[in-house]
Amino acid sequence: MKILLIYPNLSALPDIGINASPLPLGLLYIAAALREAGHDGIRVLDASAEGLDHEEVLSRIEEFSPDMVGISSMTIGASEAHELAAIVKRRDPRCRVVF
């Protein structure tokens, strides 16, 4: 099973005086645990660090063609994460999306 773990790009969110784009350690831990459990085909996409917009994220998704997409975000980025999930489901309704 191919799994893509995504941290959305939060750069367009209003500045509230905190770093809304920390290193996505949770996703990295999940990726490591999946690999240790024998899963191949695990990728982590930090759209925030790479400054990717929705079209660029969609291009990466289409390139990898995952069976499952995991999305992680802080509360301030929940709307962006939900929008990203909708984009994934429009691309492939059979792809499982988890938060």
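Attention here is on the structure that accompanies the text.

### So, the nonpolar core
Grouped together as the largest cluster of nonpolar side chains are 15 residues, with contacts concentrated most on Leu4, Ile6, Leu45, Val57, Ile61, Val69 and Ile71. Secondary-structure elements contributing two or more residues to this core are β1 (3-7), α3 (54-64), β3 (68-71) and α4 (78-91). Looking at this core element by element, the count peaks at four residues for α4. Ignoring anything within four residues of it in the chain, the contact list for Leu45 reads Leu4, Leu5, Ile6, Tyr7, Glu50, Leu52, Val57 and Arg60.

### Overview of α3
Among the residues of α3, Val57, Ile61 and Phe64 are the ones counted as buried. For α3, the angular spread of buried residues about the axis comes to 70°, placing them on one side. Turned more than 90 degrees away from the buried face of α3, the exposed residues are Glu55 and Glu63. Among the structural elements, β1, β2 (42-46), α2 (47-50) and α4 are those in contact with the buried residues of α3. Between a side-chain oxygen at the N-terminus of α3 and the backbone nitrogen of Glu55 the separation is 3.1 Å; the capping residue is Asp53. Ser65 occupies a position one or two residues after α3 and carries a positive phi of about 55°.

So, how was this worked out
Residue numbers run consecutively from 1 along every chain, following the written order of its sequence. Given that this is a predicted model, residues contribute local features only at a pLDDT of at least 70 and side-chain atom pairs are listed and counted only at 80 or more, while totals for whole chains, interfaces and linings are drawn from all residues. The side-chain values count all of the structure's non-hydrogen atoms but skip hydrogen atoms and water molecules. Take the buried Ala, Val, Leu, Ile, Met, Phe, Trp, Tyr and Cys residues and link them wherever side-chain atoms come within 4.5 Å; each set so joined is a nonpolar core. Here the term buried applies to any residue with accessible area under 20% of the maximum for its type, exposed to any over 50%, and partly exposed to those in between, with areas from a 1.4 Å probe on protein chains only. Runs of H or I in DSSP of at least four residues are treated as helices and runs of E of at least two as strands, each being numbered from the N terminus. Contacts are assigned to residue pairs with any non-hydrogen atoms lying within 4.5 Å of each other. This arc is taken over the directions from the axis of the helix to the C-beta atoms. Identification of polar contacts relies on pairs of N or O atoms within 3.5 Å, with a donor-acceptor requirement for protein atoms, meaning one able to donate a hydrogen and the other able to accept it, and with residues adjacent in sequence counted only if both atoms are side-chain atoms.

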